[in-house]
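Descriptive structure summary
Residue strings, one per chain:
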Amino acid sequence: MWRSRFLRGAGWLLQGTGCIPCKPSHLPPWRYLSFYQPCLNPVLQRSFRAPTWYCFENRLRPAVALNFCRTLRKDAKSLIDFPAQPLTVTDIKQYLRSKDIPFYDGYSCLHAPSIFMEPAPEGSVKEHYSLFIDKTTGQFQCKETLVEGSWEDLQDCIEVMLNENQTSISPNVLLGFPESMEEQEEREMEMKEVQRIWSSSVPFSDLLDEEVQLIKTMFQIGKLTNATLKKFGVRFFKPTKSLVFPWFSGHDSGLRGVKLLSAAAKGDGKVVYTEATVPKISSYHNLFGLPLIGRKDGEVVLTGREIDSMAVSQATGLPSLALPRGVSCLPPILLPYLEQFKKVTLWLGGDIRSWEASKIFSRKLGLKRCSLIRPGDFQPCPSEALAQGRNLARIVKASIPAAHKSIVSFKQLREDVYGELANVEQVAGIQWSRFPELNRILKGHRKGELTVFTGPTGSGKTTFISELALDLCMQGVNTLWGSFEINNVRLAKIMLTQFAKQRLEENLDQYDMWADKFEDLPLYFMTFHGQQNIKAVLDTMQHAVYLYDISHVIIDNLQFMMGQENLSVDKFAVQDHIIGAFRKFATNSCCHVTLIIHPRKEEDDKELQTASIFGTAKASQEADNVLILQEKKLVTCPGRRSLQVAKNRFDGDVGIFPLEFNKASLTFSAPVKGKQKLRKVKVDKNNSTEEIEETELKEKSLADGDSYSGQQNFWPEVLCCNSD
């Protein structure tokens, strides 16, 4: 109600000053999107198609001086809250019909006439339906005025417009509060940095032939012609020896950002490529090559890298776009840019991870119009295919449809099976860098699996699993935390300490540096706390998977979702229902779910087993992996904790290895070999020689840092370890 009143008042003020724009050229310079919310959020300027001789240098009109403002919609980058009643496409359609607003179905969005412009003349074609409404979230964008916002914002604008008997409403009513001076200065500095890099970079046409050849060799783009590089506006930045890929707005072709690709040689002769973006990649989204898309283009090839996009365009002549974050994420804010295409071919790379991302992204884009290129020896990534002299047009033509029937034959699965056999390391999943012993047993972190994690009360389950998840998040795994036991501020503090590996309380001068790095991680938090309903949690998880392509969800813990269910139902039946729901979600969403469950109460001198997990056997049956944090409560020295892999559905390997807790950094790590000494213990003289020899053998193995396979406890209770 308060928002509607605010918008109505703002509408009166703006109408009184005559600020209603009738066409894009009359728009004020503030740009509702500002710089962080893609100033390029111009949804498709399809009328511009650069010819082959076109030079971007003659077209650039970068606008540095912007009157930055925020909108009413908050950008909850790291906190995910979901409404009690999830929005459906049926709700959106019913509301639009009730307000007599015409619309038609697109692939990912509903198309409607923009309420932020004067109505188009009668008999207009569908292209004048310039308002895009996301079918899943209700997020809207207007490609003509560049306005965007939430479904609630759109509803409020429609109500104000109808109550005032107007045929349109000024986009200015969505202005929120001005940014602080610090935010304005930060964005101005970023724009100045973009301009500095761009003006200091050199077009390939201005370089000597020897320099061009050396650069192409360094970045392995020898097959790309200078004409292709000029067409896409690629330059070379000499101070850092980097390729510069410009981010042009599709609306006015203004420069909104740059991505720098640098190459560095390692000692072993391998070349490592690193990327840097200005502004941050999480704050500004763009499709590389967008201004080159024509209004009538009906087919496009999506790639994961800018070099691949240029290779496809040069070899096939097809329109090609590169995703801003590669295979890690397809932000829904970019979907309206792709609505015009009847066929979308996803060629994201030549490895298993790219293949998995292709299948996930095709669900957002619409399975019926998507085709996928399966990686293989004869179908590598586009740039490699071009370098090898392969026929890229034939590869694109041989792409397979993303949609499939419920029943398939082995003939359809044959290539997938071969791909898993030929890429064993990639199929095993993402490796942990902090827990090499876990890699040896579990082989890696894989999508679509359910992991059940348990351990004694107070043993450090949340602290350990936060580091485990942080390890993966630092490698680009989009992570969602659902912590119902401790609040998000405390959890973030723990993870930041683990990230910095030091007590930041004692080094507050370094806080901003570490916080800036931590902020760039693809890490998100649910806003739930305490007892929660399973349906609300699942809706939030599904919402996050769609918005941020979440591939790892941590739920801490199961017991906090059982209190909201019907008390008349047996609690074990409720738990089985919840576990089954998480199992189904992990499979259908191709997302790894880590579920923390408290164990049953056991005696202090007994270690936990799979049967110790609270509830029925369904938890261990449905889980792909079962991890148990073992703790010897009667021992108070290093080596008291260990991690046991009690179930591993991937290849069956199980085992246990010791953990060492560092209180200063709140981290766990396996003891370093050869760095432990054993305290001498008295052995009962009545013990047999065999028992003494067995004890000495186990002591030696523990000192060497060996891990043990099996379900039994191999550390005698009398052993105590001292680290140097």
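Structural notes, computed from the coordinates.

Parameters at a glance
- Residues numbered from 1 in each chain as written.
- Predicted model: local features only at pLDDT ≥ 70, side-chain atom pairs only at ≥ 80, totals over all residues.
- Heavy atoms only, no water.
- Phe/Tyr/Trp six-rings, centres within 6.5 Å; stacked < 30°, edge-to-face > 60°.
- Helix = DSSP H or I, 4+ residues; strand = E, 2+ residues; numbered from the N terminus.
- Buried < 20%, exposed > 50% of the residue type's maximum accessible area, 1.4 Å probe, protein only.
- Lys NZ or Arg CZ within 6 Å of the ring centre and 35° of its normal.
- Pairing = 2+ DSSP bridges.
- Contact = heavy atoms within 4.5 Å.
- Axes fitted to C-alpha atoms, helices over the stretch in contact; angles between N-to-C directions.

Remarks on the packing of aromatic side chains
Tallied over the full model, the rule gives 16 aromatic pairs. Note on Trp 198 and Phe 248: the rings are 6.1 Å apart at their centroids and 90° apart in plane angle, and the pair reads as edge-to-face. Of this pair, Trp 198 sits in helix α4 (residues 181-200) while Phe 248 sits in strand β11 (residues 242-248); the two residues are 50 residues apart in sequence, bridging distant segments of the chain. What makes Trp 198 buried here is its relative accessible area of 5%. The exposure class assigned to Phe 248 is buried, which follows from its relative accessible area of 3%. Centroid distance Phe 453 to Phe 464: 5.6 Å. Interplanar angle 25°. Geometry classified as stacked. Note that Phe 453 is positioned in strand β19 (residues 450-454) and Phe 464 in helix α14 (residues 461-473), a separation of eleven residues in sequence. Each member of the pair, Phe 453 as well as Phe 464, is classed as buried. Above the plane of the ring of Trp 198 lies Arg 235, whose end atom (NZ or CZ) is 3.9 Å from the centre. Cation over ring: Arg 641 sits above Phe 661, and NZ or CZ is 5.6 Å from the ring centre.

Details of the sheet that holds strand β13 (residues 271-278)
The sheet built from five strands is open, its strands ordered β9-β10-β11-β12-β13 with antiparallel pairing. Strand pairing shows two members of the sheet lacking a second neighbour, β9 (202-203) and β13, which therefore form its edges. Running over the sheet, α4 touches β9, β10 (235-237), β11, β12 (255-265) and β13 and is turned about 60° from β12.

Examining the pairing of strand β25 (residues 641-648)
In terms of burial, β25 is a largely internal element, seven of the eight residues being buried. Across seven bridges, the pairing between strand β24 (residues 625-631) and β25 is antiparallel. Looking across to β25, one finds that Asn 625 is bridged to Asn 648. Note: β25 against strand β26 (residues 655-662), five bridges, orientation antiparallel. Its bridge partner lying in β26, Gln 644 is registered against Ile 656.

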